[in-house]
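A closer look at the structure
So you can see what is in the structure, the chains are spelled out below.
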Amino acid sequence: MPIKENIAAVRARIDAAARRAGREPAEITLVAATKVQTSQTIRQAIAAGITVCGENRVQEMCAHLEDNAYAGASLHFIGHLQTNKVRQVVGRVDLLESVGSLKLLEAVERQAAKLELVQDLLLEVNIGGELSKSGVSAQQLPALVEQCMRFEHVRLRGLMAIPPVSATPRGNREFFAKMYQLYVDIRTALGDNGRGVDCLSMGMSGDFEDAIQEGATLVRVGTALFGPRPPLHTGGTVDKHQ
Ligand SMILES: *Cc1c(COP(=O)(O)O)cnc(C)c1O
């Protein structure tokens, strides 16, 4: 598996996209979306320079944790999380990227309080307004941001989005631009309290350069690093069931 070459190629594209946008390449973190990969592949990726792994499925993540597969890297949870699985994730990941409802936010706060820790998280925005996807609407977002500020055991770090699967190249630019605006609005509204809000997670293998152009600080890349996933797991889209 040419994982080392793939990482170098993706990193070079990230750096070039950053420079085109007048940004510092170091502002953008590559998150390796490791769903369906084995513990061994994850270890190889980390040995080859991956510093952040993003997991979608609680069960896979727990198995990899048991294998100690993420040693040497940070761990983000990027998939749809059911409230009844919060216990398996809170306190075990460095960043919970996919908090897309008040109910889930409350469950995360409760679990973090129980463990006496503070969980870093991103609020997921359903920027394309798709029924099949989780995430809050742009209208609901301010209320959730306020709730994050009231809770003592969560730390809001920013926003995450999975825009619709685009039929055309550049098709998601408008969604990425909207996300950037929401991100800036939150930082402005929070003033000094918003200093820790420094993450905007958007862009995948097919569109991470556009996302960087529009202000992404985290890009979640799977296929471009690991090759295509088996059809069973891709299903053509990345939705809440993944
Ligand atoms: C799988 C996945 C990715 C990466 O998708 P690729 O198209 O393989 O790069 C990014 N984000 C989430 C939430 C995912 O589930």
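As shown above, the structure is provided for reference.
Now for a quick tour of the structure. (Residues numbered from 1 in each chain as written. Predicted model: local features only at pLDDT ≥ 70, side-chain atom pairs only at ≥ 80, totals over all residues. Heavy atoms only, no water.)

1. Notes on the environment of C62
Assignment of secondary structure puts C62 in helix 3 (residues 58-66). By relative accessible area, C62 is classed as buried at 15%. Among residues more than four places away in sequence, those in contact with C62 are Q88 and R92. (Helix = DSSP H or I, 4+ residues; strand = E, 2+ residues; numbered from the N terminus. Buried < 20%, exposed > 50% of the residue type's maximum accessible area, 1.4 Å probe, protein only. Contact = heavy atoms within 4.5 Å.)

2. Some details on the environment of I42
Along the chain, I42 falls in helix 2 (residues 39-47). Measuring from C-alpha to C-alpha, the distance between I42 and G222 comes to 11 Å, with 180 residues separating the pair along the chain. Ignoring anything within four residues of it in the chain, the contact list for I42 reads T34, Q37, C53, E55, H64, A69 and Y70.

3. Some thoughts on the site of the ligand
Inspection of the region around the ligand gives 13 residues, with K35, N56, S205, T223 and R229 positioned closest. The separation between an oxygen atom of the ligand and a polar side-chain atom of S205 is 2.5 Å. Contact between the ligand and G222: an oxygen atom at 2.8 Å from a main-chain N or O atom of the residue. Taking 390 Å² as the accessible area of the ligand by itself, protein coverage stands at 95%. Taken together, the residues that form the shell around the ligand break down as six nonpolar, four polar and three charged. (Near = heavy atom within 4 Å. Polar contact = N/O pair within 3.5 Å; in protein donor to acceptor, adjacent residues only side chain to side chain. Areas by Shrake-Rupley, 256 points an atom, 1.4 Å probe, with all protein chains shown as cover. Nonpolar A, V, L, I, M, F, W, Y, C, P; charged D, E, K, R; others polar.)

4. Some points on the nonpolar core
Counting 67 residues, the largest nonpolar core has L121, L123, L159 and L225 as its most contacted members. When neighbours within four sequence positions are excluded, L225 is seen to be in contact with I3, N6, I7, V10, L30, A32 and I50. (Core = buried A, V, L, I, M, F, W, Y, C linked by side-chain atoms within 4.5 Å.)

5. Observations regarding the pattern of salt bridges
According to the stated counting rule, one finds 14 salt bridges in the structure shown. Between R150 and E146 there is a salt bridge; the shortest N-O distance is 3.9 Å. Here E146 and R150 lie together in helix 5 (residues 141-150), a separation of four residues that amounts to about one turn. Via salt bridges that share partners, D120, R155, R157 and D198 belong to a single interconnected network. (Salt bridge = Lys/Arg side-chain N within 4 Å of Asp/Glu carboxyl O.)

6. Focus on unusual backbone geometry
A negative phi angle is the norm for most residues apart from glycine, just as the trans form is the norm for most peptide bonds. Of note, N68 is a non-glycine position whose phi angle comes to about 60°, a positive value. Checked against the element boundaries, N68 lands in the loop between helix 3 and strand 3 (74-77). For N68, a relative accessible area of 54% translates into the label exposed. Despite not being glycine, E116 has its phi angle at roughly 55°, a positive value. E116 sits in the exposed class, given a relative accessible area of 72%.

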